[in-house]
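The residues making up each chain are set out below.
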Amino acid sequence: MIEQLSVFLENRPGRMADMARVLGEAGNNMRAFVVADTAEFGVARIIVDRPRAACDALKAAGFGVTVTRVIAVEVPDRPGGLADVLDALGAAGVNVEYAYCFVEPNGEVAVDVFRVEDPEAATSALEAAGISLRQAHDIYERD
Amino acid sequence: MAFQPELESMPREDLEELQLERLRGTLRRVYDNVPLYRAKFDEAGLDPSAVKSLADVSSIPFTLKDDLRSAYPYGMFAVSLRDIVRVHSSSGTTGQITVVGYTRGDIERWADLMARTYAAAGATADDIVQVTYGYGLFTGGLGAHYGSERLGALTIPVSGGNTKRQVQILKDFGVTVLACTPSYAQLIGETAAEMGVDLRDLPLRVGVFGAEPWSENMRRTIEELLGVKAIDIYGLSEVIGPGVAAECVEEQHGLHVNEDHFLIEVVDPETLQPVPDGEVGEVVFTTLTKEGIPVIRYRTRDISRIIPGECSCGRTFRKMERVFGRTDDMLIVRGVNVFPSQIEHVLMDIPGVAPHYQVILRREAALDEVEVHVEVTPDFAFDEIRALEALQKRVRSEIMSVLAVSVGVKLVEPKSIQRSEGKAKRVVDLRDAKGEAS
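Residues numbered from 1 in each chain as written. Chains lettered and ligands numbered in written order. Predicted model: local features only at pLDDT ≥ 70, side-chain atom pairs only at ≥ 80, totals over all residues.

J.: Is there a simple way to think about the overall build of chain B in this case?
T.: Of the regular secondary structure elements, chain B holds 11 helices and 23 strands. Its C-alpha radius of gyration of 23 Å places chain B within 12% of the 22 Å reference for a compact globule of 438 residues. Dimensions along the principal axes, computed over C-alpha positions, put chain B at roughly 65 × 65 × 40 Å. Looking at the 438 residues of chain B, the share that counts as buried comes to 42%. The contacts of chain B with a sequence gap of at least 6 include a subset with a gap of at least 24, amounting to 65%. (Helix = DSSP H or I, 4+ residues; strand = E, 2+ residues; numbered from the N terminus. Rg over C-alpha atoms; globule rule 2.2 N^0.38 Å. Buried ≥ 20, exposed ≤ 12 C-beta atoms within 10 Å, placed from the backbone. Contact = placed C-beta atoms within 7 Å.)

J.: Looking at this structure, how should I read the overall build of chain A?
T.: The helix and strand tally for chain A stands at 5 helices and 7 strands. In sequence order, chain A lays out its α and β elements as β-α-β-β-α-β-α-β-β-α-β-α. The globule rule puts the C-alpha radius of gyration for 143 residues at 15 Å, and the 16 Å found for chain A is close to it. On the principal axes, the C-alpha backbone points of chain A span a range of 45 × 35 × 25 Å. Buried residues in chain A amount to 31% of all 143 residues.

J.: Which parts of the structure should I look at to understand the packing of helix H7 (residues 163-172) of chain B against helix H8 (residues 182-194) of chain B?
T.: Angle between the axes and distance between the axes: these two values describe a pair of packed helices. Residues and elements named next belong to chain B. For the pair H7 and H8, interaxial distance at closest approach is 9 Å and the crossing angle is 80°. Compared by their axis directions, H7 and H8 come out roughly perpendicular. Only Leu 187, Ile 188, Thr 191 and Ala 192 of H8 make contact with H7, whose side of the interface consists of Thr 163, Lys 164, Gln 166 and Val 167. Each residue belonging to the contact of H7 with H8 can be placed in one class, and the counts come to 4 nonpolar, 3 polar and 1 charged. (Axes fitted to C-alpha atoms, helices over the stretch in contact; angles between N-to-C directions. Parallel < 35°, antiparallel > 145°, perpendicular 65-115°, else oblique. Nonpolar A, V, L, I, M, F, W, Y, C, P; charged D, E, K, R; others polar.)

J.: Would you mind showing me how to read the sheet that holds strand S10 (residues 262-267) of chain B here?
T.: Strand pairing in a sheet is mediated by backbone hydrogen bonds. Such pairs are either parallel or antiparallel. Residue and element names in this part refer to chain B. Spatial strand order, S10-S11-S12-S15: 4 strands in an open sheet with antiparallel pairing. What marks the edges here is a single partner per strand, and that holds for S10 and strand S15 (325-326). The pairing of S10 with strand S11 (residues 281-287) spans 6 bridges and is classified as antiparallel. The residue of S11 that forms the bridge with Phe 262 is Thr 287. (Pairing = 2+ DSSP bridges.)

J.: Would you mind going over the nonpolar core with me for this structure?
T.: Side chains of a nonpolar character, in soluble globular proteins, are inclined to be buried together. With 144 residues, the main nonpolar core has Val 7 of chain A together with Tyr 118 and Val 177 of chain B as its most contacted residues. Residue contributions to this core peak at 8 residues, all from helix H5 (residues 104-120) of chain B. With sequence-adjacent residues up to four places away left out, Val 7 of chain A is seen in contact with Met 19, Val 43, Ala 44, Ile 46, Leu 58, Phe 63 and Val 65 of chain A together with Phe 382 of chain B. (Core = buried A, V, L, I, M, F, W, Y, C linked by C-beta atoms within 7 Å.)

J.: It is not clear to me how H7 of chain B should be interpreted in this structure. Could you clarify?
T.: Residues and elements named next belong to chain B. Those residues of H7 that fall on the buried side of the exposure criterion are Gln 166, Val 167 and Leu 170. Each buried residue of H7 sits inside an arc of 95° when the element is viewed along its axis, so together they form one side. Exposed residues lying more than 90 degrees from the buried face of H7 are Arg 165 and Asp 172. On its buried side, H7 packs onto strand S3 (128-131), strand S5 (177-180) and H8. Where H7 terminates, the next one or two residues include Gly 174, which has phi positive at roughly 65°. (Arc of directions from axis to C-beta.)

J.: Help me understand the environment of Gly 122 of chain B, please; the structure alone is not making it clear to me.
T.: All names here are of chain B. Relative to the helices and strands, Gly 122 resides in the loop between H5 and S3. C-alpha of Gly 122 to C-alpha of Asn 162: the two residues are 40 residues apart in sequence and 27 Å apart in space. Setting aside residues no more than four positions away along its own chain, Gly 122 makes contact with Val 206, Lys 229 and Val 249.

J.: Can you walk me through the sheet that holds strand S20 (residues 408-412) of chain B in this structure?
T.: Residues and elements named next belong to chain B. Ordered in space as S20-S19-S18-S23, the 4 strands form an open sheet in which the pairing is mixed. The open sheet has two edge strands, S20 and strand S23 (427-429), and neither has a second partner. The average angle at which neighbouring strand axes cross in this sheet is 20°, direction not considered. Two elements, strand S18 (residues 353-364) and S23, share 3 bridges in a ladder whose sense is parallel. Within S23, the residue paired with Leu 361 across the bridge is Asp 429. Docked against the sheet, helix H10 (residues 340-348) engages S18, strand S19 (367-376) and S23, running at close to 140° with respect to S18.

J.: Would you take a moment to explain unusual backbone geometry for this structure?
T.: Keep in mind that most residues, glycine aside, have a negative phi and that most peptide bonds are trans. Cis geometry is adopted by the peptide bond preceding Pro 73 of chain B, which originates at Tyr 72 of chain B and carries an omega value of -5°. Relative to the helices and strands, Pro 73 of chain B is located in the loop between helix H4 (65-70) and strand S1 (84-89).

J.: Got a minute to help me understand the interface of chain B and chain A in this structure?
T.: By a widely used convention, the size of an interface equals the accessible area lost when the partners come together. With 17 residues of chain B at the contact, the number on the chain A side is 16 residues. Counting residues per element, the ones that place at least two in the side of chain B that touches chain A are helix H11 (385-403) and S20 of chain B. By residue number, the principal contributor to the side of chain B that touches chain A is H11 of chain B, which donates 4 residues. Residue composition of the side of chain B that touches chain A, grouped by class: 10 nonpolar, 2 polar and 5 charged.

J.: Is there a simple way to think about helix H9 (residues 216-226) of chain B in this case?
T.: Residues three or four positions apart in an α-helix share a direction because the helix packs 3.6 residues into each turn. All names here are of chain B. By the burial criterion, the buried members of H9 are Arg 219, Ile 222 and Leu 226. Seen end-on, H9 carries its buried residues on one side only, within an arc spanning 70°. Away from its buried face by more than 90 degrees, H9 exposes Arg 220 and Glu 224. Buried positions along H9 lie against H8, strand S6 (206-210) and strand S7 (229-236). Two residues or fewer after H9 comes Gly 227, characterised by a positive phi angle close to 65°.

Next up, the structure:
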């Protein structure tokens, strides 16, 4: 289980830049960054070095931000690798709400991030299927 | 239990007969004794004795706050100062203060009306009442005090301030009824919690709250925090003070207007024509028994409506809805009167949004477009786009149902609406900026 920041962004020019600057000035490096948008607003999902400190910095700067628990999975680098992960989740009845992918700093391992309704059930299903989960300390400093 | 059941539950027909008789007497008295009313009536060509039914009221000129201001201090009194035994005044936050005078009879009737208020809230002579409304020129403290004594309750005149001492007295004196403003009730509850006193364990069981706008949500919070039934009361110094209208504990929905003493009308603030029961407008009062300073069709600037239908408590007095706005901030959108403060009331009751909003008005192709910006609370679960979209939909549909005009709603970031001197600028009207020329 790892922690991701979810940041509410109004559709307003420069707002995303403001957010990135706050993170930068707080000394936070981003591991992954993805934006979901609707007609009215966006939600940025970010994995950073030190999620709690980054969350506090964003709150102090007036952003609407939540720390969300997601699961991170090392996906085998072969055709069908992702399908195996999703099969394991599907067999356990776990619904995926959204997912995205990033590459670890050494550039060798692709990590898929899943937001699921029940992270505990997802974790045990994946462990039972022999799929390797990334822990927080693999990805960022725990603060 | 009603304090004066024979009056509070009298048949409507008898009530209206009594109202008409008292109205005619009041009109005669103000015409004879108050130069301002005589001039107003003469100018309108109104002969007070020509008012022969309650429907004729609509031909009588209105009285405005400015009339009271211009008569400062005693110009609107209908009796000589020798017969006045007390004066109160309004706070004067919006200009010159106004002075209201009471005869001995006025003080007696006022005490009865406030005793009705406590009784409607479920209080009796067995109760112990802590009055924390301010005592002084403000009508709240002494009004609540005399009513409590009239009821026969043990009355503790603490007045406002020193919240820790308020909690101490609540606890040590075995207080069962608290009378104060709703925001102060909340502060007392929070202070008690900080002091390690759980008010829910004390005998305290009823709250009589008024003198400022509050919401259903706030009522639930206070009821939970203090362990009380919270009752909304209404009044204004120009009419008498507290005691004009109050909720009954049976329904806690709508405030019974003491119609044997006050004639209530609801008028369209633009046309000033009366609207039918159930429709929203400006509340107008005529006093029927006041001697010191009767007011005729006094425009309160408060926005509310009459709730149609009978009440299960047995009172026949009609109920007004909790006040949800002021005419001062009225907008006209596509010909409809819109009160932005209604938006605030809607927002106060929706979890996930702060009661901070901004209304942006534009004119697109000769049509007024309304966009309402609403702040999401900082603790919202922002990851859930569906929850955000559902919140936006809910806010939009609830705003539209109270304003009765179509609006767009945009959720904005916490604390992003600009505040000046602690208050947000509520309305940005861009309609005159473009489109007018064509």
